[in-house]
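Structural overview for review
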Amino acid sequence: MKNDMFNIDEPVVLAISGGRDSMCLLDMYYRSGQRIIVCHTNHHQRKASDTEEKYLIEYCKERNIALEIDEYFPLTKENFQAEAHIHRYEFFYETALKYKANYILTAHHKDDLAETVLLRLIQGSNLYGYGGISRITKYKDVYLYRPLLDYSREEITKYCKDHNVFYFDDESNAENHYMRNRIRHQILPLLKEENPNILNTISNFSNICKEAFTHIRNEAIKYLKDNDEKINLETFKPLDIGLKKDIICYMLENLRVKTSYQQILDILELIDNPKPQLEYNLKNGILFYKRYDTCYFAKENKALEISIDLNLNDEVLFANKYLFRLQESEAPNGANTLKICYNDLALPLKIRTRKPGDAIKLKYGTKKLKDLLIDKKIDKEARNNIPIVTDSKNNILWVYGVAKKNPEAMDKLIYLICEEKYGK
């Protein structure tokens, strides 16, 4: 406790179930004189839940300890463990905000760490996941702190015996329905027979994973910061494969997208594919885009279907971004302008998105719009949403930002002006 990051008069939240580990934690911090707030969630899944709640109410009342209780009634038992976990930690966080506490303390210990590492090895994870439980992690704008992580379940049991700490045994911990319980009751005992020091061995493995991960993650963050949060093929390809994988992993984490190791391998394969434009669909509205020399994650960008008429001295807004005006007076210098001969013009102009078969007449001949956009290396999203200006006979006059049809005559010119006043 001498290594705690907070002062003794600072409020800290303790997550207390009533079991051995959490009651050990509570006893330690109560004896130390720390200002504590006890959080307890009653999941109403066992007959003993109400008894445990009543005991904690009396315990805290006798000792003048602040207590917050959450009555949790799950709507369904499907995925109960995961849903209850999320609910508990939101409750702990709300309590921390209420008492202006910066730290939430949980009673995870060295056996929990070993179980978590083995669970991740069985299920698969990344380097960070294989490291298991960390002593301190950020949760929104507070910290989750696990002061018992260096101590075994056996040592905690001895502490409770030596200090007469009463606790409840959760009968569900003896069941083998959950994989963690099977690891606890069947796998870890076998490993302890092979190596009595296995908890320290796994703890050392955890630290090595975390140290390696921290270095790689810092490099991944730096790379993305230097490349505008995107992958630049020229700078990405020479990188070590481990760093490449973590760059992709970090991008997915920022999107809060769950992914698998196979998906990361698929994305790397896509990056190495010689085709200039490819997509990988994560099936949740998020796609990984390869666009020539750049790769990035983004929400699926569906093609717009827009067609707007524009007459002389009118103005229209296209795609909430491009403001077009058709006027007789000459445009100011530097404006995005198309010169049009009024005598050759069939009004109204149409401003629309592209269509199959579009072609534009240029100085050297007619060019299919699709081929023109490929030659100019315009990515698919921009192709689908780029403004196309035609006359009323569907002759393309302007592919905005890409190409213009020159007027056949220069008498009585009018001017089509486009302003990108509404951002990108």
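Below you will find a few notes about this structure. Here the structure is a predicted model, which means the values were calculated and not measured.

Bringing the pattern of salt bridges into the picture now. Scanning the entire structure with this criterion turns up 22 salt bridges. For R31, the salt bridge identified is with D27, shortest N-O distance 2.6 Å. You can see R31 and its partner D27 sitting in helix α1 (residues 20-32), four residues apart, about one turn around the helix. Residue D27 is classed as buried on the basis of its relative accessible area, which comes to 9%. Overlapping salt bridges bring together D111, D112, E115, R153, R180, R184 and K192 as one network.

Another point: a nonpolar patch on the surface. Judged by side-chain polarity, M5, I136 and Y143 come together as a nonpolar surface patch covering roughly 240 Å² of accessible area. Tracing the backbone through its elements, the reader meets I136 in strand β5 (residues 136-139).

A word on the packing of helix α8 (residues 198-226) against helix α10 (residues 241-254). Taken N-terminus to C-terminus, the directions of α8 and α10 make an angle of 70°; their axes are 9 Å apart at the nearest point. One way to sum up the angle between α8 and α10 is to call them roughly perpendicular. Residues F213, I216, R217, E219, A220, I221, Y223 and L224 of α8 touch α10, and the partners they reach there are G242, L243, D246, I247, C249, Y250, M251 and E253.

Viewed as axis vectors pointing N to C, α10 and helix α11 (residues 261-272) meet at an angle of 110°, and their least axial separation amounts to 10 Å. The angle between the axes of α10 and α11 places the two elements in the roughly perpendicular class. On the side of α10, the interface is formed by I241, K244, K245, I248 and C249, while α11 contributes Y261, I264, L265, I267, L268 and I271. When grouped by side-chain class, the residues that make up the contact of α10 with α11 number nine nonpolar, no polar and two charged.

Let us look at the sheet that holds strand β19 (residues 396-399). Ordered in space as β11-β15-β18-β19-β20, the five strands form an open sheet in which the pairing is antiparallel. Each edge of the sheet is formed by a strand with only one pairing partner; in this case those strands are β11 (307-310) and β20 (403-404). For strand β15 (residues 349-352) and strand β18 (residues 388-390), the ladder comprises three bridges, and the chain directions are antiparallel. The partner of I351 across the bridge, within β18, is V389.

So, about the sheet that holds strand β10 (residues 294-299). Note on sheets: strands pair through backbone hydrogen bonds, and any given pair is parallel or antiparallel. The strand order across the open sheet built from four strands is β7-β10-β9-β8, with neighbouring strands paired in antiparallel fashion. Single-partner strands in this sheet number two, and they are β7 (231-232) and β8 (277-281). In this sheet, β10 lies alongside strand β9 (residues 286-291) in antiparallel orientation, the contact comprising six bridges. The residue bridging F288 from the neighbouring strand is F297, located in β10. Together, β7, β8, β9 and β10 form the strand contacts of α11, whose direction differs from that of β8 by roughly 175°.

Parameters at a glance
Residues numbered from 1 in each chain as written. Predicted model: local features only at pLDDT ≥ 70, side-chain atom pairs only at ≥ 80, totals over all residues. Heavy atoms only, no water. Salt bridge = Lys/Arg side-chain N within 4 Å of Asp/Glu carboxyl O. Helix = DSSP H or I, 4+ residues; strand = E, 2+ residues; numbered from the N terminus. Buried < 20%, exposed > 50% of the residue type's maximum accessible area, 1.4 Å probe, protein only. Patch = residues over 30% accessible without salt bridge, like charges linked within 9 Å, V, L, I, M, F, W, Y side chains within 5 Å. Areas by Shrake-Rupley, 256 points an atom, 1.4 Å probe, with all protein chains shown as cover. Axes fitted to C-alpha atoms, helices over the stretch in contact; angles between N-to-C directions. Parallel < 35°, antiparallel > 145°, perpendicular 65-115°, else oblique. Contact = heavy atoms within 4.5 Å. Nonpolar A, V, L, I, M, F, W, Y, C, P; charged D, E, K, R; others polar. Pairing = 2+ DSSP bridges.

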